[in-house]
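Given next are the chains, with one letter for each unit.
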Amino acid sequence: MAGPNTTFTAGNVFTAGQANNFPRGLMAAPATSTTSDTTITSEEIMLTYTFSQVNGRSYLLQYFEPSLTCTAAGTITARITTGVAGTPYNSSTSPLAILISNTASVTTVYTAGTSASLTIYATLPASTGTGTATRSATRFPQLYAVDLGTL
């Protein structure tokens, strides 16, 4: 029996190697904040998340920002990166209209090339004007990683 998607049959031996292929779930408590940010112009770090990655395992990286507005019509690009102006794992662009709230979300699957601590960053730059990320105890952003196992 090889690989993570094995058909198990009565009488077969289930091994530790096979068990290690299965997903391990949320890697650490989600990064979040209830503090609003009212000065998003150039790329800015919104949240930071650190977890221990394992070589060869795949992770779902997710960032969600629940309420964005801007002083001028334009776009805002949500990114999961290695830092400000860092290498993006993925990004998505949302339109922003003056004083009309929108959301931003970006998701990607990342496969670790090494076993080490990994820090990812959620960043937002506004294309024009000044963006605002409004947050509260019931409307908050999240950045997290979920272990999907080996593929």
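Read on for a plain summary of the structure. (Residues numbered from 1 in each chain as written. Predicted model: local features only at pLDDT ≥ 70, side-chain atom pairs only at ≥ 80, totals over all residues. Heavy atoms only, no water.)

1. Let's talk about the environment of Thr123
Tracing the sequence through the fold places Thr123 in strand E8 (residues 116–124). When the C-alpha atoms of Thr123 and Ala85 are compared, they prove to be 9.1 Å apart, with 38 residues separating the residues in sequence. Filtering out sequence-adjacent residues up to four positions away, Thr123 remains in contact with Glu43, Glu44, Ile45, Met46, Tyr63, Thr77, Ala78, Arg79 and Thr81. A polar atom in the side chain of Thr123 sits 2.6 Å from the side chain of Glu43. (Helix = DSSP H or I, 4+ residues; strand = E, 2+ residues; numbered from the N terminus. Contact = heavy atoms within 4.5 Å. Polar contact = N/O pair within 3.5 Å; in protein donor to acceptor, adjacent residues only side chain to side chain.)

2. Some words on the side chain of Glu65
Note on placement: Glu65 falls in strand E4 (residues 58–70). Engagement of the side chain of Glu65 in a polar contact is seen with the side chain of Arg135, the distance being 2.9 Å. Leave out the neighbours within four places in its chain, and Glu65 touches Met46, Thr103, Ala104, Leu124, Ala133, Arg135 and Pro141.

3. Describing the environment of Thr138
Considering the arrangement of structural elements, one finds Thr138 in the loop between strand E9 (131–133) and strand E10 (142–149). Placed 104 residues apart in sequence, Thr138 and Thr34 show a C-alpha to C-alpha distance of 8.5 Å.

4. Some remarks on the environment of Val84
Locating Val84 in the fold gives a position in the loop between strand E5 (74–81) and strand E6 (88–96). Sequence separation between Val84 and Gln142 is 58 residues; the distance between their C-alpha atoms is 18 Å. In this structure Val84 touches Glu43 and Ile45, once residues within four positions along its chain are discounted.

5. Some words on the nonpolar core
By size, the foremost hydrophobic cluster in this structure holds 26 residues, and its most contacted members are Leu61, Tyr63, Leu124 and Leu143. The leading source of residues in this core is E4, at 5 residues. (Core = buried A, V, L, I, M, F, W, Y, C linked by side-chain atoms within 4.5 Å. Buried < 20%, exposed > 50% of the residue type's maximum accessible area, 1.4 Å probe, protein only.)

Honestly, it's all geometry; don't read function into it.
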